[in-house]
Amino acid sequence: MRVLLGVGGGIAAYKSAELARLLMERGHEVQTVMTAAAEEFVRPLTFAALTGRKTLTDLFAIESAIEHIAVAQQNDVFAIAPATADLMARLAHGLADDFLTTVYLAFAGPVVVAPAMNVNMWQHAATRANLDTLLGRGHRIVGPGEGYLACGMTGAGRLADPEEIADAIEQELRTRRDLEGETVLITAGPTQEPLDPVRFISNRSSGKMGYALAEAAAARGAHVILISGPVHLPPPRGVEVISVRTAREMRDRVFENLEPASIVIKSAAVADFHLSAVPDQKVKKTAARMSLELDPTPDILAELGRKKGDRLLIGFAAETQNLQQEARRKLESKNCDMVVANFVGGAETGFESDQNEVVLVMRTGEVLPLPRASKHEIARRIFDEVMKLRLVLHAANER
Ligand code: CTP
């Protein structure tokens, strides 16, 4: 494979030389691009010697004015290590003021970013926002690790190990575009069940997990239909978003769009009960107490389980106790192929959080815990497992 290695100007740049050597050893071709700041830490000659290719540095000192386009087209993956706070900001905002950032804009393939910086810079709201932008583009972020930093502080900010970055690069190349030509139907967010024109019943779902799944599926080449309850999230790039409010509307849109889908993921937190006859006028505070009589909403996942045909069906189970048993029960009762179980009792994971920690319960009997990670990373891992599970189930059907 042809790896474009972008080196930013941080002390960790010396570790990128090790990464370049490792990639060469694993049989890849490596083309290095350095920022001017990176040259202050490591000489271009170091990379040229390790990779056998001239290191590209200056946008204006090259033979052809369009070399950045050619470089972008000739490589399979763009790995940026170390990505400093400044470089992440320039990538996030689409600046093209040097060779590296110009190639980045011209590059259409998968991007792996390995940040390295001081812990306070890493935790700054500006860097967080830039990180979200890069994650939202479907880029893979590796690290940073925690430990002693060159600035003398201890914390998150160390460049991930070259081995880990090389693994992520190879994985990115392998899993790329494996959903090309398929339609993936995903539901996300809460539903709102009106009680009158101004009030409703809902839940704490933010929709972040479902949106991350939609982005992950789109990054793998799928046509994604995202049926979303009311959330405060921008529509993911390249995804068809259908907005709904109630469980009933969600059910109807799901079945209208089911036909082309080969994979259906029900990550929405659908309200279980609603008021069947909603009053036209605002309800007045006339009595000292009031009680509501609610009817069940349609169980969309259960209906999908009956009508799924040969589609792969993935449900979610948000639980506060007996996580695995509940997930297994839902998998069987709703005829799912996988249930993503998440514990919603803690503060760090589950609703509203950017992080999650889930257990995948499969139809095959396998149970796979995914350790705590960003919802984007969890989404990517879920699709890795969905693709594997589909192969196993197809093979079992053929036997
Ligand atoms: N779900 C659905 N339609 C509903 C309720 C839930 O499609 N009316 C789906 C959710 O999208 C999720 C899964 O069912 O994928 C699990 O939802 P959950 O509310 O946790 O399960 P319930 O079946 O409601 O079971 P319980 O109330 O016993 O936890």
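Definitions and limits used
- Residues numbered from 1 in each chain as written.
- Predicted model: local features only at pLDDT ≥ 70, side-chain atom pairs only at ≥ 80, totals over all residues.
- Heavy atoms only, no water.
- Pairing = 2+ DSSP bridges.
- Helix = DSSP H or I, 4+ residues; strand = E, 2+ residues; numbered from the N terminus.
- Axes fitted to C-alpha atoms, helices over the stretch in contact; angles between N-to-C directions.
- Contact = heavy atoms within 4.5 Å.
- Buried < 20%, exposed > 50% of the residue type's maximum accessible area, 1.4 Å probe, protein only.
- Salt bridge = Lys/Arg side-chain N within 4 Å of Asp/Glu carboxyl O.
- Expected span 1.5 Å × (residues − 1).
- Near = heavy atom within 4 Å.
- Polar contact = N/O pair within 3.5 Å; in protein donor to acceptor, adjacent residues only side chain to side chain.
- Areas by Shrake-Rupley, 256 points an atom, 1.4 Å probe, with all protein chains shown as cover.
- Nonpolar A, V, L, I, M, F, W, Y, C, P; charged D, E, K, R; others polar.
- Domains from an automatic or database assignment.
- Buried area = accessible area lost by both parts, 1.4 Å probe.
- Right-handed = clockwise from strand over helix to strand, strands pointing away.

Strand order in the open sheet formed by 8 strands is 12-11-8-13-16-17-18-19, with mixed pairing between adjacent strands. Edge positions in the sheet fall to strand 12 (239–243) and strand 19 (367–374), since each has one partner strand and no second. Ignoring which end each strand starts from, the neighbouring axes of this sheet average 20° apart. Bridge analysis of strand 18 (residues 355–362) against strand 19 gives 6 bridges, and the strand direction is antiparallel. Residue pairing in the sheet places valine 361 in a bridge with valine 367 of strand 19. Each of strand 13 (261–266) and strand 16 (312–319) touches helix 12 (residues 300–307); the most contacted strand, strand 16, lies at about 155° to it. Each of strand 16, strand 17 (338–343), strand 18 and strand 19 is contacted by helix 13 (residues 323–333), which is oriented at about 150° to strand 17, the strand it contacts most.

The next thing to look at is the pairing of strand 8 (residues 183–188). Counting buried positions along strand 8 gives 6 out of 6 residues, so the element sits mostly inside the fold. Here strand 8 shows no split at all, with Thr183, Leu185 and Thr187 on one side and Val184, Ile186 and Ala188 on the other all buried. As paired strands, strand 8 and strand 11 (residues 223–228) are joined by 6 bridges and run parallel to one another. By the bridge assignment for strand 11, threonine 187 is matched with isoleucine 227.

Across all of its chains, the model carries 32 salt bridges by this definition. Here arginine 53 and glutamate 29 are joined by a salt bridge, their closest N and O atoms 3.0 Å apart. One end of the pair, arginine 53, is in the loop between helix 3 (44–51) and helix 4 (67–74); the other, glutamate 29, is in strand 2 (residues 29–34), with 24 residues separating them in the sequence. Note on arginine 53: relative accessible area 32%, which makes it partly exposed. Each of Arg248, Arg251, Asp252, Glu303 and Lys307 takes part in one network of salt bridges that share partners.

Turning our attention to unusual backbone geometry. In this model, alanine 81 is joined to proline 82 through a cis peptide bond whose omega is -5°. Tracing the backbone through its elements, the reader meets proline 82 in strand 3 (residues 77–83). In this structure, proline 144 follows glycine 143 across a cis peptide bond, with omega equal to 0°. The backbone of asparagine 322 sits at a positive phi, close to 45°, despite the residue not being glycine. When you line up the elements, asparagine 322 lands in the loop between strand 16 and helix 13. Residue asparagine 322 is classed as partly exposed on the basis of its relative accessible area, which comes to 46%.

So, about helix 8 (residues 125–136). Given a rise of 1.5 Å per residue, 12 residues ought to cover 16 Å, and the 16 Å separating the end C-alpha atoms of helix 8 matches this to within 8%. Next to the buried residues of helix 8 lie helix 5 (85–93), helix 6 (99–106), helix 7 (119–123), strand 5 (140–141), helix 10 (208–219) and helix 14 (375–398). Positive backbone phi, at 85°, marks glycine 138, one or two positions downstream of helix 8.

So, about the site of the ligand. Lining the immediate surroundings of the ligand are 16 residues, of which Lys266, Ala268, Leu301, Phe316 and Lys334 lie closest. The backbone of alanine 268 places a nitrogen or oxygen atom 2.7 Å from an oxygen atom of the ligand. In the model, an oxygen atom of the ligand is placed 2.8 Å from a nitrogen or oxygen of the lysine 330 side chain. In isolation the ligand offers 580 Å² of accessible surface; the protein chains occlude 79% of this area. The element contributing the most residues to the shell around the ligand is strand 16, with 3 residues. Of the residues that constitute the shell around the ligand, the class distribution is 8 nonpolar, 2 polar and 6 charged.

This paragraph deals with helix 10. An ideal rise of 1.5 Å per residue puts 16 Å on 12 residues; helix 10 measures up with 16 Å between its terminal C-alpha atoms. The element helix 10 is extensively covered by neighbouring structure, given that 10 of its 12 residues are classed as buried. Of the residues flanking the end of helix 10, it is glycine 221, one or two places downstream, whose phi is positive at about 100°.

Turning next to the domain arrangement of the protein. Annotation of the protein at the domain level lists domain 1 (2–174) and domain 2 (183–279 + 286–398). The C-alpha-based centres of domain 1 and domain 2 are spaced at 35 Å. Between domain 1 and domain 2, the residue contacts involve 8 residues of the former and 6 residues of the latter. On the domain 1 side of the interface with domain 2, the three residues burying the most area are Leu135, Gly136 and Arg140, jointly 56% of the side's total.

In this section: the pairing of strand 2. Extensive coverage of strand 2 is indicated by the burial of 5 of its 6 residues. Here strand 1 (residues 2–7) runs beside strand 2; their pairing, made up of 6 bridges, is parallel. Of the residues in strand 2, the one forming a bridge with leucine 5 is threonine 32. Regarding the hand of the β-α-β motif, the stretch spanning strand 1, helix 1 (residues 13–25) and strand 2 is right-handed.

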